[in-house]
Amino acid sequence: MSIGPYIFFDGTCEEAIAFYKQAVGAELLFKMTFGEMPKDENQSAEGCNSGFNWPDDKIMHANVRIGGGEVMMSDGNMCADKVKHTGYALSLTTTDVAEGQRWFDNLSAGGDVTMPWGETFWAKGFGMLTDKYGIPWMVNVEKPM
């Protein structure tokens, strides 16, 4: 069994993937746009309630590897009001202080820092932020036990 985050963007998934590739070395494993999705005669292209009116170039599903984990992403929530990501954070952990600082600085570009980067009683470096796509992150550099 495995569990992993599935993040919905407001039409900016392609841009977010490029940002995460640059910011933390993310690797795109799979991507399918709505235009590439197999068509079913029972699917309607009318209105948000049908669920199938998204522009063909928007991402229906993508898998991205960040470090040793995978994050799934989609533009599939474009009909909803502005998505507000709350109640969770994506967490990146490393043993390298310079790497953690770099991840934090890169991810916070254009976003909001909610806890500035610094040493804590549990970490050589720790910081919290919300990136420019509204995704909350925690970056942690573990102290040896």
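To start, this report covers the structure provided alongside it. Just so it is clear, the structure is predicted and the values come from calculations on it, not from any experiment. (Residues numbered from 1 in each chain as written. Predicted model: local features only at pLDDT ≥ 70, side-chain atom pairs only at ≥ 80, totals over all residues. Heavy atoms only, no water.)

### Overview of helix H2 (residues 97-108)
For H2, which comprises 12 residues, the first-to-last C-alpha distance of 16 Å matches the rise-based estimate of 16 Å (1.5 Å per residue) to within 8%. Residues of H2 that are buried include every one of Gly-100, Trp-103, Phe-104, Asn-106, Leu-107 and Ser-108, and no others. Of the surrounding elements, those touching the buried residues of H2 are helix H1 (13-24), strand S5 (90-94), strand S6 (112-118), strand S7 (123-130) and strand S8 (136-142). For H2, the N-terminal capping position is held by Asp-96, with its side-chain oxygen 2.9 Å away from the main-chain nitrogen of Ala-98. Where H2 terminates, the next one or two residues include Gly-110, which has phi positive at roughly 80 degrees. (Helix = DSSP H or I, 4+ residues; strand = E, 2+ residues; numbered from the N terminus. Expected span 1.5 Å × (residues − 1). Buried < 20%, exposed > 50% of the residue type's maximum accessible area, 1.4 Å probe, protein only. Contact = heavy atoms within 4.5 Å. Polar contact = N/O pair within 3.5 Å; in protein donor to acceptor, adjacent residues only side chain to side chain.)

### A closer look at the packing of aromatic side chains
Going through the model one piece at a time under the given rule, you end up with 9 aromatic pairs. Seen from their ring centres, Phe-104 and Trp-117 are 5.6 Å apart, and the 40 degrees between their planes marks the pair as tilted. Within this pair, whereas Phe-104 is found in helix H2, its partner Trp-117 is found in strand S6, the two being separated by 13 residues in sequence. A relative accessible area of 4% places Phe-104 in the buried class. Taken together, Phe-9, Phe-19, Tyr-20, Tyr-133 and Trp-137 form an aromatic cluster joined through their ring pairs. (Phe/Tyr/Trp six-rings, centres within 6.5 Å; stacked < 30°, edge-to-face > 60°.)

### Things to note about the side chain of Ser-74
Relative to the assigned elements, Ser-74 resides in strand S4 (residues 69-74). Judged by relative accessible area, which is 2%, Ser-74 ranks as buried. Engagement of the side chain of Ser-74 in a polar contact is seen with the backbone oxygen of Ile-59, the distance being 3.4 Å. From its side chain, Ser-74 meets the backbone oxygen of Met-60 in a polar contact 2.8 Å long. Other than its neighbours up to four places away in sequence, Ser-74 contacts Tyr-6, Ile-7, Phe-8, Phe-9, Cys-13, Ile-59 and Met-60.

### Topic: the environment of Trp-117
The exposure class of Trp-117 is buried, given its relative accessible area of 19%. The sequence separation of Trp-117 and Met-128 amounts to 11 residues, and the corresponding C-alpha distance is 7.4 Å. Contact partners of Trp-117, with chain neighbours within four places excluded, come to Val-97, Gly-100, Gln-101, Phe-104, Gly-125, Phe-126, Gly-127, Val-139 and Val-141. Polar contacts involving the side chain of Trp-117 include one to the side chain of Gln-101, which spans 2.7 Å.

### Digging into the sheet that holds S8
Strand order in this open sheet of 4 strands is S5-S8-S7-S6, and the pairing throughout is mixed. For this open sheet the edge positions go to S5 and S6, each flanked by a neighbour on one side alone. Taken over all neighbouring pairs, the strand axes of this sheet differ in orientation by 10 degrees on average, direction set aside. In the sheet, S5 pairs with S8 via 5 bridges, with the strands oriented parallel. By the bridge assignment for S8, Leu-90 is matched with Trp-137. Sitting on the sheet, H2 touches S5, S6, S7 and S8, and the angle it makes with S6 is about 165 degrees. (Pairing = 2+ DSSP bridges. Axes fitted to C-alpha atoms, helices over the stretch in contact; angles between N-to-C directions.)

### Topic: the nonpolar core
One finds Phe-9, Tyr-20, Leu-107 and Trp-137 to be the most contacted residues of the largest nonpolar core, which totals 28 residues. Listed by contribution, the elements that provide at least two residues to this core are H1, strand S3 (59-66), S4, S5, H2 and S8. Broken down by element, this core gets its largest block of residues, 7 residues, from H1. (Core = buried A, V, L, I, M, F, W, Y, C linked by side-chain atoms within 4.5 Å.)

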